[in-house]
2 protein chains.
Amino acid sequence: MPPLVIKIGGSHGVDMAAVTADVATLAAQGRPVVLVHGTSAAADDLARRVGLPVRQLVSPTGHVSRYTDPETLEIYVAAAAGQVNKRLVAALQGLGCQAVGLSGVDGRLLLAERKTAVRTVENGRQRIVRDDYTGRLVAANADLLRLLLAHGYTPVIAPLALGQEAERLNVDGDRAAALLAAALGAETLVILSNVPGLLAAFPDERSLVRHVPVERLDWAEELAAGRMKRKILAAREALAGGVSSVIIADARAPNPVQHALAGAGTWLGATPPAVHPIPDEAAYA
Amino acid sequence: MPPLVIKIGGSHGVDMAAVTADVATLAAQGRPVVLVHGTSAAADDLARRVGLPVRQLVSPTGHVSRYTDPETLEIYVAAAAGQVNKRLVAALQGLGCQAVGLSGVDGRLLLAERKTAVRTVENGRQRIVRDDYTGRLVAANADLLRLLLAHGYTPVIAPLALGQEAERLNVDGDRAAALLAAALGAETLVILSNVPGLLAAFPDERSLVRHVPVERLDWAEELAAGRMKRKILAAREALAGGVSSVIIADARAPNPVQHALAGAGTWLGATPPAVHPIPDEAAYA
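Residues numbered from 1 in each chain as written. Chains lettered and ligands numbered in written order. Predicted model: local features only at pLDDT ≥ 70, side-chain atom pairs only at ≥ 80, totals over all residues. Heavy atoms only, no water.

Each helix and strand counted, chain A has eight helices and 16 strands in total. For chain A, whose C-alpha radius of gyration is 18 Å, the value lies close to the compact-globule estimate of 19 Å for 285 residues. By its C-alpha atoms, chain A is 50 × 45 × 30 Å across when sized along the principal axes. Within chain A, the proportion of its 285 residues that are buried is 57%. (Helix = DSSP H or I, 4+ residues; strand = E, 2+ residues; numbered from the N terminus. Rg over C-alpha atoms; globule rule 2.2 N^0.38 Å. Buried < 20%, exposed > 50% of the residue type's maximum accessible area, 1.4 Å probe, protein only.)

Our focus in this paragraph is helix α3 (residues 70-94) of chain B. Residue and element names in this part refer to chain B. Compared with an ideal rise of 1.5 Å per residue, which puts 25 residues at 36 Å, α3 spans 35 Å between its outermost C-alpha atoms and is within 8% of the ideal. Along α3, the sharpest change in direction is near 30 degrees and occurs at Asn85. Where burial is concerned, most of α3 is hidden: 20 out of the 25 residues are buried. (Expected span 1.5 Å × (residues − 1). Bend = angle between axes of the 7 residues up to and from the residue.)

This next bit is on the nonpolar core. Ile6(A), Leu189(A), Ile6(B) and Leu189(B) are the most contacted members of the largest nonpolar core, which has 184 residues in total. When sequence neighbours within four positions are dropped, the list of residues in contact with Ile6(B) reads Val23(B), Leu26(B), Val33(B), Val34(B), Leu35(B), Val36(B), Val190(B), Leu192(B) and Val257(B). (Core = buried A, V, L, I, M, F, W, Y, C linked by side-chain atoms within 4.5 Å. Contact = heavy atoms within 4.5 Å.)

Another point: the interface of chain B and chain A. Tallying the contact residues gives 40 residues for chain B and 40 residues for chain A. Both faces combined, the contact of chain B with chain A buries some 3000 Å², and carbon together with sulfur accounts for 60% of it. Of all residues in chain B, the largest losses of buried area upon contact with chain A belong to Arg49(B), Lys86(B) and Leu147(B), amounting jointly to 19% of the total for that side. For the interface between chain B and chain A, the tally reads six salt bridges. Among the salt bridges present, the one from Arg49(B) reaches Glu71(A), with a minimum N-O distance of 3.1 Å. Between the two partners, chain B and chain A, sit 16 residue pairs in polar contact (both at pLDDT 80 or more). Looking at the side of chain B that touches chain A, the elements with two or more residues in it are α2 (40-49), α3, β5 (99-103), α4 (143-150) and β11 (160-162) of chain B. With 15 residues, α3(B) is the single largest residue contributor to the side of chain B that touches chain A. Along the lines of polarity and charge, the residues of the side of chain B that touches chain A split into 20 nonpolar, eleven polar and nine charged. (Buried area = accessible area lost by both parts, 1.4 Å probe. Salt bridge = Lys/Arg side-chain N within 4 Å of Asp/Glu carboxyl O. Polar contact = N/O pair within 3.5 Å; in protein donor to acceptor, adjacent residues only side chain to side chain. Nonpolar A, V, L, I, M, F, W, Y, C, P; charged D, E, K, R; others polar.)

With an RMSD of 0.0 Å, the operation that places chain B on chain A is a rotation of 180 degrees combined with a shift of 0.0 Å along the axis. Considering both components of the superposition, the chain copies are consistent with a two-fold axis. Of all interface residues in chain B, 100% are interface residues in chain A too; the two copies therefore contact each other through one and the same surface. (Least-squares fit on C-alpha atoms with pLDDT ≥ 70 in both.)

Residue and element names in this part refer to chain A. It is the contact of helix α4 (residues 143-150) with helix α5 (residues 173-184), at a shortest axis distance of 10 Å, that shows an interaxial angle of 70 degrees. With respect to α5, the element α4 is oriented roughly perpendicular. α4 and α5 meet at a crossing whose hand is right-handed. Between α4 and α5, the contacting residues are Leu145, Arg146 and Leu149 on the first element and Leu180, Ala183 and Leu184 on the second. Across the contact of α4 with α5, the residue classes tally to five nonpolar, no polar and one charged. (Axes fitted to C-alpha atoms, helices over the stretch in contact; angles between N-to-C directions. Parallel < 35°, antiparallel > 145°, perpendicular 65-115°, else oblique. Left-handed = near helix turned anticlockwise from the far one by under 90°.)

Now the structure itself:
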């Protein structure tokens, strides 16, 4: 059975217990599952507690990312690979699921290039930031995941990558999940967060786009705002890498994974099962 | 080749780079190595930064342990499974070693029972502490480690264990290493820290005890002070579990593992190779 990759967002509102319950059920049914998690709320919280300002880098094109200087990196690693990862692993173990927590640094799961000079806009002026430990994902090494899955383990992965100088780098969780899904030959990637999916008339949740065929990805990317833009980009990368369906769905209620697989959320690529009639998203286009 | 288990202490003074260099060399020679690490200095440092007091529990018999209430546990997990673990893994990866960082929670590597009622002495009065997340080690699950070692990976393990209610628990790194060494059928356990070994006349480093045969373990335990008592106890557990030699040695200088294997430090169990003449520790007994 081809593995299923699930990305769970790190923002407030995501129901971690609902996701782990679904993951444990799927794993118990013999489905190979890889869970990739975000870490934003936990990293922000720990940074605040140690008195580190949470700063963002805004690119000249308006792209926003976390400014990860060496001190912030230590906190980010602590929150991602320590707190969030082990909380999820322990919760899964409590449900009888043989979870194994890893980060992209472990077994060279995720390789990235450090962005050594990041152009950023601050108070209307451009400057170059040179001490940012954010990575551009380059490759995923799926061998270790295949080995673990073949032996009944459920890998749980924190969004870190190994740089070319063996630095630990902060990477985007959605794109990391996309790269891993493609490397694993996964059929489906489920991206869960605290929104119902791509909304044609944000923030009206009734305007959910049910299906984005590959030829309409440009339209979807244009439509998306904020964090959703990155998810559409991740979906595009996963689809280009051979994944059949990417589902962007809601993790704020019970059984989020089961609902997504049954047709909830926004399906990109393959057509969703027609559990509900699919509204015509062209009305919003 | 039987695996070698190396425990590296988490206190100040330990030369992490020297240890990772030796581990990478051994792994490159095809030797299966498991590295278990401590986390004391990093956990204390992070606790201080978030403004959590570092508190200790003193048992009526004088045994000292870290008081790990739920808030301290979060910090301990962050430092152990996040910061220290991923720093070591990245350093090993930089040396070409296929390191994989885990904690005892992952794959049920280390199972423990939470001490739900800890008798402690405070200002001369006894009281019972009920919110301590420290574990009494019960079992190690070596299957995952065997799988990783058989495929050329070098596991790096943080001192956490999974409790019976799926809690994450703080456990002693030396004893965790002993339990893992026994479960793996390791021939040798090397316990490295910032002291040269067991000293007959602490702190005189010239009084190093070179060899403790199994029948003199009681004597060694009596002789040991402070943290060394726990190391002797760990050594006793490893030897009882079938490990042939436990070496307690210094990690403050280059090539600490190679020196230990060549006969440095205190050897418990099997006789050390007679590289240097072995002084008669009875002179100090």
